[in-house]
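What follows is each chain in one-letter form.
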Amino acid sequence: MPVVTVTRRLHFNAAHRVHNPALSDEENEHLFGKCNNPNWHGHNYILDVSVRGPVDDRTGYVLDLAALKRIAEERAVDRIDHKNFNLDVPFMRGVIPTSENIVVGIWRELEPAIRPGKLVKLVLWETPNNYVEYTGE
Ligand code: NI
């Protein structure tokens, strides 16, 4: 049976401040620049969710992409869209909300819920020029 990777793209907007409270204001400003702005700022994020699995004989699908969209919305996007990562998102509590940490947080929320198939990659775009990838390592 052939094994295929399928991807669903989702969009959300969210605010954050990239700040490490263990460091001085000067170090934070130096490390994080504009993303350290004290009064928050936002990004238009894009999230690509990739699932790999055998193509089901009966449906011709790995999994129904509409079902994948529902899972990704319920477990992640609806909980972060138009929210502040520093204040509003339980799975990001105590974590510096860089794209790296956000993509790992989203993975932990999504991975147990995705079936059939297996979550194999998340790609999170913070800007049209910057993205991070996570494969669960
Ligand atoms: Ni930022």
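Residues numbered from 1 in each chain as written. Predicted model: local features only at pLDDT ≥ 70, side-chain atom pairs only at ≥ 80, totals over all residues. Heavy atoms only, no water.

Asker: Tell me about the packing of helix α2 (residues 65-80) against helix α3 (residues 99-110), residues and numbers included.
Answerer: It is the contact of α2 with α3, at a shortest axis distance of 9 Å, that shows an interaxial angle of 140°. Taken together, the axes of α2 and α3 lie oblique to each other. The handedness of the crossing between α2 and α3 comes out as right-handed. On α3, the residues that touch Ile71, Ala72, Arg75, Ala76, Arg79 and Ile80 of α2 are Ile106, Glu109 and Leu110. Of the residues belonging to the contact of α2 with α3, the class tally is six nonpolar, no polar and three charged. (Axes fitted to C-alpha atoms, helices over the stretch in contact; angles between N-to-C directions. Helix = DSSP H or I, 4+ residues; strand = E, 2+ residues; numbered from the N terminus. Parallel < 35°, antiparallel > 145°, perpendicular 65-115°, else oblique. Left-handed = near helix turned anticlockwise from the far one by under 90°. Contact = heavy atoms within 4.5 Å. Nonpolar A, V, L, I, M, F, W, Y, C, P; charged D, E, K, R; others polar.)

Asker: With reference to specific residues and values, describe the pattern of salt bridges.
Answerer: Throughout the structure, instances matching the rule amount to four salt bridges. Residue Asp48 pairs with Arg9 through a salt bridge whose shortest N-O separation is 2.7 Å. Of this pair, Asp48 sits in strand β2 (residues 41-54) while Arg9 sits in strand β1 (residues 3-16), and the two are 39 residues apart along the sequence. Judged by relative accessible area, Asp48 falls into the buried class, the value being 11%. A salt bridge links Arg79 to Glu109; the shortest N-O distance between them is 2.8 Å. With a gap of 30 residues between them, Arg79 in helix α2 and Glu109 in helix α3 connect regions that are remote in the sequence. The partly exposed category is assigned to Arg79, whose relative accessible area is 29%. (Salt bridge = Lys/Arg side-chain N within 4 Å of Asp/Glu carboxyl O. Buried < 20%, exposed > 50% of the residue type's maximum accessible area, 1.4 Å probe, protein only.)

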